[in-house]
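Listed below are the residues making up each chain.
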Amino acid sequence: MEIDEILAYCNGKKGVEETFPFDQETLVLKVGGKMFLLIPLEQQPLTIAVKTDPEWSADLRAQHPQITGAYHMNKTHWNSVVCEGLKKDLILILIDHSYELIFKSLTRKKQLELYDM
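Residues numbered from 1 in each chain as written. Predicted model: local features only at pLDDT ≥ 70, side-chain atom pairs only at ≥ 80, totals over all residues. Heavy atoms only, no water.

S.K.: Looking at this structure, how should I read unusual backbone geometry?
M.R.: The general pattern is negative phi for most residues beyond glycine and trans for most peptide bonds. A cis amide bond, omega 0°, links Gln 44 with the succeeding residue Pro 45. Phi at His 72 takes a positive value of approximately 65°, unusual for a residue other than glycine. Following the sequence through the fold, His 72 ends up in the loop between β5 (67-69) and β6 (78-82). (Helix = DSSP H or I, 4+ residues; strand = E, 2+ residues; numbered from the N terminus.)

S.K.: Can you walk me through the side chain of Thr 52 in this structure?
M.R.: Of note, Thr 52 is situated in the loop between β4 (47-51) and α2 (54-63). A distance of 2.3 Å separates polar atoms of two side chains, one belonging to Thr 52 and the other to Ser 57. A polar side-chain atom of Thr 52 sits 2.6 Å from a polar atom in the side chain of Asn 79. The residues contacting Thr 52, other than those within four sequence positions of it, are Ser 57, Leu 60, Thr 76, His 77, Asn 79, Leu 94, His 97 and Leu 101. (Polar contact = N/O pair within 3.5 Å; in protein donor to acceptor, adjacent residues only side chain to side chain. Contact = heavy atoms within 4.5 Å.)

S.K.: Help me out: how do you make sense of the pattern of salt bridges in this one?
M.R.: Once the charged atoms of two side chains with opposite charge are near each other, the side chains can pair. Counting across every chain of the model gives three salt bridges. Between Lys 13 and Asp 96 there is a salt bridge; the shortest N-O distance is 2.6 Å. Of this pair, Lys 13 sits in the loop between α1 (3-11) and β1 (16-19) while Asp 96 sits in helix α3 (residues 88-105), placing them 83 residues apart in sequence. With a relative accessible area of 19%, Lys 13 lands in the buried category. The salt bridge partner of Glu 113 is Lys 110, with a shortest N-O separation of 3.8 Å. (Salt bridge = Lys/Arg side-chain N within 4 Å of Asp/Glu carboxyl O. Buried < 20%, exposed > 50% of the residue type's maximum accessible area, 1.4 Å probe, protein only.)

S.K.: Please clarify how the pairing of β4 should be interpreted in this entry.
M.R.: Each regular strand carries side chains that alternate between the two faces of the sheet. Burial analysis of β4 places four of its five residues in the buried class, the great majority of the element. Pairing geometry for strand β3 (residues 34-40) and β4, over two bridges, is antiparallel. Within β4, the position partnered with Leu 38 by the bridge is Ala 49. Where β3 folds back on β4, the antiparallel hairpin that results is connected by six residues. Relative to β6, β4 runs antiparallel, the two being bridged by five bridges. The residue bridging Val 50 from the neighbouring strand is Asn 79, located in β6. (Pairing = 2+ DSSP bridges.)

Here is the structure:
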């Protein structure tokens, strides 16, 4: 999967914004002002960081060597995903899961605001 495909997919979701809060090399996608995906732009092969349920994280890491604890993040909740060698469907499921975890953590008011956009 390529970065333009990932960005197009993410930007198709409600309330997604692209930011560079840390530096100009790390693209951070947010929903409701909270991070759900990070992309180090200079890193090859393409790698993303996504939030996942802790139990699922352990399973994913055991099944896929491309999935590890995310660098500089809480490794219980965040995974670093090397996209090379993974099926596109799995990458999209991971993105959806991360987005949904963050969206559900938003206040009901914020969720409704995003759906009215």
